Amino acid sequence: MGVQIVAEVSTGNSVQFLIQKTMMQTSNSPASSFRHTIMPSLPQLLSGRILHFAKLSATSSYESHSTEKVKFPKKISRKPDSGSPPRKTQKLNLEVSPHRAVSAVRLMRIELGGAFADLLNEQGKGSGDNEMGYVERTLGFRTRHLEDRDLRLVTEIVGGTIRWRRYLDHLILSLCHDESTFRSMEPLLLQILRIGFYEITKLDMPPYAVVDENVRLAKVALRPGAGNLVNGILRKLIVLKESDSLPAVKVDGDDRQQARGLATLYSHPVWMVRRWTKYFGWDEAIKLMTWNNSSPSFSLRANTGKGLTGADLVSRLKMLKVPHEPSLYLDDFVRIKTGMQNVIQAGLLKEGFCAVQDESAGLVVSIVDPQPGENIIDCCAAPGGKTLFMASCLNGQGTLFAVDINEGRLRILKETAKLHQVIDVISTIHADLRTFSTDKVVEWDKVLLDAPCSGLGVLSKRADLRWNRKQEDMEQLKHLQDELLDSASRLVKPGGVLIYSTCSIDPEENEERIEAFLLSHPEFDIDPVNRYVPEDFVTTRGFYMSNPVKHELDGAFAARLVRSQ
Ligand SMILES: C[S@@+](CC[C@H](N)C(=O)[O-])C[C@H]1O[C@@H](n2cnc3c(N)ncnc32)[C@H](O)[C@@H]1O
């Protein structure tokens, strides 16, 4: 059983690294469900295919391999291994650098398996074992185990390649003979090319070393012809880059065409660009996309529930030689840009010494302002980032109900609460808030609704989210947010407080939801958040808003509403 550090998928700005004792192969683990999703495509991936990479404009030998049939060694397992007899272990392959093989396989898993990137952010030692299993099953060979340096490289390459996917594809497509050549490219080959393009264009890595390594991977994982093809196209890219003539992205024409251009240049979906240029203007939209494309930093919260302080955390980080800065806004929070792996390996999260929590999420708890003795309900609580922080503020006095519709996530909350020694004040309730609130007579002092949202404020941490989120989601989310706000409001006692929060920067999920709510709930008034967070975060309407570009935090929103007597 390996220890995985899981950054929860939809926690948004309270992205938490939760410790889950899980083997990626266990039947109910996210990885396993992923594997079952991906496996039907693996035979397709691994079985013989025709390459339609007919004529790349580069002059190289790969043209002659354009219709080569793919052959795979017979011993590759093509089925999920649940229940199947043990496979023969593959021979160790020392030709291919392990971080590259792992990166390619992870990228395929993310793309074919949906929202899975969080599992793949920063992983502790040991997780590589599972990863190696994937490499072996998918590529048909073993590599040596990942070392710390390899893990860092995987994080960098996978995160960056996902973020820049649209731009990289623009370059790859430009070097293909035609669009159908690009569209029909087999998934693994495409990932290898994306990695190479990312390393050359965005990481400025020594280009010929990049070519060499990616060619080797393509040859070993696919076939010699694929290696030749990668060789040709990457060399063509190098020539273009060195002569400063990379295929340009046009940002002109009508609004839609300009949005398409920006979307390619900054590698985001067109609908997001259109939305942001409409709401924030061009300059801000560009700054936001630039932020989303940068490597994220993380904040750690010292677990005061265990009697620890920010100073304790700082001295542990010093001992570990992890560069850090105290939070500008919150006691007991510390920011780190690098070194998360050291924190994980030293067991700081596993021991409940600290939690990974963005300051933007911590500030939402400041707005709730939990006081010992209060009766608080967290309506969408799992996996518990804010619940745990609130519980530690209660100092063992008061009650905190944690409701969530997702039983698995609620279980994680409970386990983490035990670890953090704040379980005594927490009661978990597995329920749909909409039905839970209809028959409740109990009325709470404070009700937090940290609503399910698009997560558009946390795209720098959630590298894959921009590609998974669809415009249609926004309408559904708005509807759900209205329903949940209505339900949560029923739980507030007269004179009590309702706090609505999201990890989105989208006005339609934030201010607009509150304005709509206030129209149909005249018994609630806005309580401006000035008393709880620095002025810099307060909007003209008295709401809380953290802006990634301005505050260098995740984007988040909160409104504090008081119910009249
Ligand atoms: C943004 S996440 C909450 C994050 C959490 N507050 C934290 O800080 O870790 C939203 C949560 O709402 C839950 N949820 C969605 N619909 C729900 C419903 N109808 N009733 C209760 N919980 C719901 C999801 O399962 C998810 O865990």
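Residues numbered from 1 in each chain as written. Predicted model: local features only at pLDDT ≥ 70, side-chain atom pairs only at ≥ 80, totals over all residues. Heavy atoms only, no water.

The name given to the chain in an unreviewed UniProt entry is 16S rRNA (cytosine(967)-C(5))-methyltransferase, and the organism recorded there is Nicotiana sylvestris. As recorded by UniProt, the Subcellular location (unreviewed entry) comment attached to the chain reads in full: "Cytoplasm". (UniProt positions renumbered as here; feature names shortened; annotations may be inferred.)

1. With respect to helix H10 (residues 224-242)
Between the first and last C-alpha of H10 there are 27 Å, a value that for 19 residues agrees with the 27 Å anticipated at 1.5 Å per step. Restricting attention to buried positions, one finds in H10 the residues Gly225, Ala226, Gly227, Asn228, Leu229, Val230, Gly232, Ile233, Leu234, Leu237, Ile238 and Leu240. Phi for Asp244, located one or two positions after H10, is positive at around 55°. (Helix = DSSP H or I, 4+ residues; strand = E, 2+ residues; numbered from the N terminus. Expected span 1.5 Å × (residues − 1). Buried < 20%, exposed > 50% of the residue type's maximum accessible area, 1.4 Å probe, protein only.)

2. Things to note about the pairing of strand S8 (residues 399-404)
Here strand S7 (residues 375-378) pairs with S8 via four bridges, running parallel. Across the sheet, Ile377 pairs through a bridge with Phe401, a residue of S8. Viewed along the sheet, the connection from S7 through helix H17 (residues 385-393) into S8 turns out right-handed. Two elements, S8 and strand S9 (residues 426-430), share five bridges in a ladder whose sense is parallel. From the neighbouring strand, Ala402 faces S9, where its bridge partner is Thr428. Handedness of the β-α-β unit built from S8, helix H18 (residues 407-419) and S9 comes out right-handed. (Pairing = 2+ DSSP bridges. Right-handed = clockwise from strand over helix to strand, strands pointing away.)

3. Structural notes on the site of the ligand
Looking at the ligand, there are 24 residues lining it, with Gly385, Asp404, Asp432, Leu433 and Asp450 nearest. Between the ligand and Lys386 there is a distance of 3.2 Å, counted from an oxygen atom to a backbone nitrogen or oxygen. In the model, a nitrogen atom of the ligand is placed 3.2 Å from a nitrogen or oxygen of the Ile405 main chain. Notes on the ligand: free accessible area 600 Å², of which the protein chains cover 94%. Of the residues in the shell around the ligand, the class split is 11 nonpolar, seven polar and six charged. (Near = heavy atom within 4 Å. Polar contact = N/O pair within 3.5 Å; in protein donor to acceptor, adjacent residues only side chain to side chain. Areas by Shrake-Rupley, 256 points an atom, 1.4 Å probe, with all protein chains shown as cover. Nonpolar A, V, L, I, M, F, W, Y, C, P; charged D, E, K, R; others polar.)

4. Remarks on the packing of aromatic side chains
In total, this model carries 10 aromatic pairs according to the counting rule given. Centroid distance Trp164 to Tyr167: 5.9 Å. Interplanar angle 70°. Geometry classified as edge-to-face. Look at Trp164 and you get buried, because its relative accessible area is 13%. We classify Tyr167 as buried; its relative accessible area is 9%. The structure contains a cluster of three or more aromatic residues connected by ring pairs, namely Tyr329, Phe537 and Tyr544. Its guanidinium or amino end placed over the ring of Tyr167, Lys202 lies 4.7 Å from that ring's centre, counting from NZ or CZ. It is Arg316 that lies over the ring of Phe353; its NZ or CZ is 4.8 Å from the centre. (Phe/Tyr/Trp six-rings, centres within 6.5 Å; stacked < 30°, edge-to-face > 60°. Lys NZ or Arg CZ within 6 Å of the ring centre and 35° of its normal.)

5. Some points on the sheet that holds strand S5 (residues 333-336)
If you trace the four strands from one edge of the open sheet to the other, you get S4-S5-S3-S6, paired in antiparallel fashion. Since the sheet does not close on itself, it has two edges, and those belong to strand S4 (325-326) and strand S6 (354-356), each with one partner.

6. Brief notes about the UniProt feature "active site" (unreviewed entry) in the chain
Mapped onto this numbering, the UniProt entry annotates "active site" (unreviewed entry) at Cys503. Looking at the element boundaries, Cys503 is found in the loop between strand S11 (492-502) and helix H22 (511-520). By relative accessible area, Cys503 is classed as buried at 4%.

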